[in-house]
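# Coordinates in review
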Amino acid sequence: MAPSPFLDPGPTSTSNTLALLHLKRDLLVPTVLSSAPPTSADDYAEGKVTNTRFGSFPHSTLLNQPWGTQILASKVDTGSRGSKTKKRKRDGGDTPRCIEEDGEEFKGGKNQTAVTARSGFVHLIPPTPEAWTLSLPHRTQVVYTPDYSYILQRLRARPGDCIIEAGAGSGSFTHAAARAVFNGYPDEEPSISTIEPAQNGTTAPTPKRKKRYGKVYSYEFHAPRAQQLASELRGHGLASIVRVTNRDVYNDGFCLPPLQTSSFSTEAPSTLTPQADCIFLDLPAPWLALKHLTRSALSPSTLHSLSSPSTPSPNPTSNLTTQTPPTPSTFQSPLNPAQPTRLCTFSPCIEQVQRTISTLRHLSWHEIDMVEILHKRLDVRRERVGLAEEGLRGANASAATVEEAVHRLREVDGRAKLFHELQMEAKGEDVEEKEGGEGKKEEGSLRGKSKFKVEAEAARLSKQRRLESIKAKAEERPLFKEGRLLHRTEPELKTHTSYLVFAVLPRAWTKEDEERCQKTWGRGV
Ligand code: SAM
């Protein structure tokens, strides 16, 4: 199986894998790189081209590049096929021909290039869950990086864990969860053997122990959304780590039928429960799903006291797994009995939180608490800022730093002094000239000459000094340190996303656990 570019991108970009074109902060364009030559008269001569507002990028310029490389836009030959160029695509589209950007259109035409103006560059970066969150096609509201990084940390999601996620929506959380639990692809060597010292001092192999692969069980009520996510995950090389199920989890819960599709064939057919260690519910009514997240079947009276679901079941689709709801007699817990289960729900309203917490208490969940992530970005950058912004006025308003302002003040001071001296000198000359008996007629013109001389000399000296100072500064300061280091917080908080409710369900206490405990600690403990 080819490694997922999200988990193992390798050192350079390769054909048929997802790459992201980083146009600017928060603007990334995803594209599947292709080395295929043009196949029809409608294609560019260069093969596949990604058009962006910063220019056109033939994939030949993007392939086999070390990740992070800056790629310059190319002039793309649209040849004489321009008259047929009626296709349009928004920023980042892969359709050849013309570009629509901010309502502006670059039409192809004979001897025209697709982009004649505004050509620039992009940085080629490998896909990551964070970058995907910023560039994915939105089908729903998504969970953003500040929330999901905190959630996965609080859920203690580790490589080898199994996570239940519902609803899957646009798959933003799904990608981050897949990376968190990844510890190998399930069709790798299916078992591991460990060598331990045997009793008699020799080493003997212990029986082969089956490796538990990290897995995300993702449930989505909306069939087309579930289909699209399943297809994206296949394209991203994550199909063996994430299993997407088209399911109404309020009614049908989380246990699964054996897999029939070939892409999941490595999973044992007897697997009916996800054996989840962590659960993330991004649903309109998470409390309705909680009755399925128990370690044993609930009594009819408990079931009755919980809210009953009202949403209809979705239509089953061909390539997604579907199941009829389990009856109490066939109850199977979707949770890993050997571990405490950690849960997080993501709800925008406090009323939803109240209902969720009430149900969690009812079902004996522990350590219930609620968190709201109020994420505020700190922008750190170097900037040449006018001191006018800081309330300084006059000649110094455009100075970049305090030192520069002081320097300018001194310079102005010095110039004034010099001007004054030269003026005095000139006056002296005038007086001498006057005393020398020159006629009154010439006095005015001489004074004019002296004034001109004074100003010119002052300007020359000032310019020379300034040049010398700039030169000296440039020599001692590297270019990247130009300007002042500033940090600014975002002017206001991004709007409220959601309240996160966390809870823990203790692990199942078995007969064997009790016996072991009695043996170790005696009765009454
Ligand atoms: N967490 C997702 C992400 O990061 O992209 C976004 C989830 S979106 C806000 C909520 C999703 O829950 C919707 O796609 C909706 O179809 C799905 N949903 C709603 N009720 C459901 C149910 N009973 N069972 C499964 N999915 C459901």
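Heads up: the structure comes first, above all this text.
The sections below set out a description of the structure shown in this document. As the structure is a prediction and not an experimental result, all values here were calculated from the model. (Residues numbered from 1 in each chain as written. Predicted model: local features only at pLDDT ≥ 70, side-chain atom pairs only at ≥ 80, totals over all residues. Heavy atoms only, no water.)

### Thoughts on the overall build of the chain
The cut-off we apply is this: Every helix listed is a DSSP run of H or I at least four residues long, and every strand listed is a run of E at least two residues long, numbered separately from the N terminus. A simple rule labels every residue: compare its accessible area, found with a 1.4 Å probe on the protein chains alone, to the largest value its type can have, and call it buried under 20%, exposed over 50%, or partly exposed in between. Contact between two residues is taken to exist if any of their heavy atoms lie within 4.5 Å; hydrogens are not considered. Areas reported as accessible are Shrake-Rupley estimates using a 1.4 Å probe. Residue values count occlusion only from the protein chains shown.
Regarding its fold elements, the chain presents 10 helices and 21 strands. In the chain, which comprises 525 residues, the share counted as buried stands at 40%. Residue pairs at least 24 apart in sequence account for 73% of intrachain contacts in the chain once pairs closer than 6 positions are excluded. Total accessible area computed for the chain in this model is approximately 29400 Å², and 55% of it derives from carbon and sulfur atoms.

### Some thoughts on the site of the ligand
Rules: Think of it this way: one heavy atom of a residue within 4 Å of a molecule or strand is enough to make that residue near it. In protein, a polar contact requires one atom able to donate a hydrogen and another able to accept it; more generally it is a pair of N or O atoms within 3.5 Å, and residues adjacent in sequence count only if both atoms are side-chain atoms. In this classification, Asp, Glu, Lys and Arg are treated as charged, Ala, Val, Leu, Ile, Met, Phe, Trp, Tyr, Cys and Pro as nonpolar, and every other residue, Gly included, as polar.
In the region of the ligand, 22 residues are neighbours, and Glu 220, Phe 221, Arg 225, Asp 248 and Asp 282 sit closest. Here an oxygen atom of the ligand and a backbone polar atom of Phe 173 are 3.2 Å apart. Take Glu 220: an N or O atom from its side chain is 2.5 Å from an oxygen atom of the ligand. Taking 600 Å² as the accessible area of the ligand by itself, protein coverage stands at 90%. Class assignment for the residues of the shell around the ligand results in nine nonpolar, eight polar and five charged.

### Examining the sheet that holds strand E15 (residues 242-246)
Rules: Here, a strand pair is defined by DSSP locating no fewer than two bridges between the strands. Angles shown run from 0 to 180 degrees and are taken between the N-to-C directions of axes, each axis being a line fitted to C-alpha atoms and, for helices, limited to the stretch in contact.
An order of E15-E14-E9-E16-E17-E21-E18 is seen for the seven strands of this open sheet, with the pairing classed as mixed. With partners counted over all chains shown, the strands left at the sheet margins are E15 and strand E18 (366-372), one partner each. Pairs of neighbouring strands in the sheet enclose a mean axial angle of 15°, with direction left out of account. Of the pairings in the sheet, the one linking strand E16 (residues 278-281) to strand E17 (residues 341-347) comprises four bridges and is parallel in character. Following the sheet pairing, Cys 278 is matched in E17 by Arg 342. Its contacts with the sheet put helix H2 (residues 145-154) on strand E9 (162-166), E16, E17, E18 and strand E21 (499-505), and the angle it makes with E21 is roughly 15°. Against the sheet, helix H7 (residues 350-362) makes contact with E17, E18 and E21, and its axis sits at roughly 5° relative to E21, the strand it touches most.

### Considering the packing of H2 against helix H3 (residues 172-181)
Our working rule: If an angle is under 35 degrees, it is roughly parallel; if it is over 145, roughly antiparallel; if it lies from 65 to 115, roughly perpendicular; otherwise it is oblique. Note on convention: near helix rotated counterclockwise from far helix by under a right angle means a left-handed crossing. Clockwise means right-handed.
As a packed pair, H2 and H3 sit with axes 10 Å apart at the nearest point and diverge in direction by 40°. By the criterion of interaxial angle, the relationship of H2 to H3 is oblique. Here H2 and H3 pass one another in a crossing that is right-handed. Residue-level contacts link Tyr 148, Ile 151 and Leu 152 of H2 to Ser 172, Phe 173, Ala 176, Ala 177 and Ala 180 of H3. Taken together, the residues that form the contact of H2 with H3 break down as seven nonpolar, one polar and no charged.

### Concerning the pattern of salt bridges
Note the following rule: By definition, a salt bridge exists where a carboxyl oxygen of Asp or Glu is found within 4 Å of a side-chain nitrogen of Lys or Arg.
Enumeration according to the criterion identifies 10 salt bridges in this entry. A salt bridge links Asp 369 to Arg 154; the nearest nitrogen and oxygen atoms lie 3.0 Å apart. Residue Asp 369 is located in strand E18, and its partner Arg 154 is located in helix H2; the two are separated by 215 residues in the primary sequence. Asp 369 gets classed as partly exposed once you look at its relative accessible area, which sits at 29%. Two residues, Glu 220 and Arg 225, come together in a salt bridge whose shortest N-O distance is 3.9 Å. Judged by its relative accessible area of 6%, Glu 220 falls in the buried class.

### Things to note about the sheet that holds strand E1 (residues 18-24)
Pairing in this open sheet of four strands is antiparallel, and the strands run E2-E1-E8-E5 from one edge to the other. The sheet is open, and its two borders are formed by strand E2 (27-32) and strand E5 (70-72), each paired with just one other strand. In this sheet, adjacent strand axes meet at a mean angle of 35° when their direction is disregarded. When E1 meets E2, the two strands line up antiparallel, connected through six bridges. When the sheet's bridge partners are listed, His 22 is paired in E2 with Leu 28.

### Looking at the nonpolar core
Spelled out, the test is: Buried Ala, Val, Leu, Ile, Met, Phe, Trp, Tyr and Cys residues that are joined via side-chain atoms within 4.5 Å together make up what is termed a nonpolar core.
Counting residues in each nonpolar core, the largest one holds 37 residues, and the members touching the most others are Ile 151, Leu 152, Phe 173 and Phe 280. Listed by contribution, the elements that provide at least two residues to this core are H2, H3, helix H4 (223-235), E15, E16, E17 and E21. When residues of this core are assigned to their parent elements, the largest contribution, six residues, is made by H3. Core analysis: the next-biggest nonpolar cluster, separate from the first, contains 31 residues, Tyr 219, Val 249, Leu 281 and Ala 289 among them.

### Overview of H2
Here is the rule we go by: Note that the arc is defined by the directions from the helix axis to the C-beta atoms.
For H2, the full list of buried residues reads Asp 147, Tyr 148, Ile 151 and Leu 152. Mapping the buried residues of H2 onto a view down its axis gives an arc of 120°, with all of them on the same face. The elements touched by buried residues of H2 are helix H1 (129-135), E9, H3, E16, E17 and E21. Among the residues trailing H2, Arg 156 stands out with phi positive, at a value near 55°.

### Section: the packing of aromatic side chains
Worth spelling out the cut-off: To pair, rings of Phe, Tyr and Trp, with the six-membered ring standing in for Trp, must have centres within 6.5 Å; the planes then decide the type, stacked if under 30 degrees apart, edge-to-face if over 60, and tilted in the middle.
All told, the structure shown has six aromatic pairs when counted by the stated rule. Ring geometry for Phe 6 versus Trp 132: centroids 6.3 Å apart, planes at 90°, classification edge-to-face. Taken as a pair, Phe 6 in the segment before E1 and Trp 132 in helix H1 lie far apart in primary sequence, 126 residues in all. Accessibility expressed as a relative area gives 8% for Phe 6, which makes it buried. Judged by its relative accessible area of 4%, Trp 132 is buried. On the basis of an interplanar angle of 90° and a centroid distance of 5.1 Å, the ring pair of Tyr 219 and Phe 254 is categorised as edge-to-face.

### Here's the deal with the pairing of E15
Let me state the cut-off plainly: Clockwise travel from the first strand over the helix to the second, with the strands pointing away from the viewer, marks a crossover as right-handed.
Counting buried positions over the five residues of E15 gives five, a clear majority of the element. Judged from the five bridges that link them, strand E14 (residues 215-220) and E15 form a sheet pairing that is parallel. By the bridge assignment, Ser 218 is partnered in E15 with Val 244. Each parallel crossover has a hand, and the one from E14 via H4 to E15 is right-handed.

### A closer look at unusual backbone geometry
A cis geometry characterises the amide bond from Ala 166 onward to Gly 167, with omega recorded as -15°. As for its placement among the helices and strands, Gly 167 is situated in the loop between E9 and H3. Even without a glycine there, the phi angle at Ser 364 is positive, about 70°. The residue Ser 364 is located in the loop between H7 and E18 in this model.

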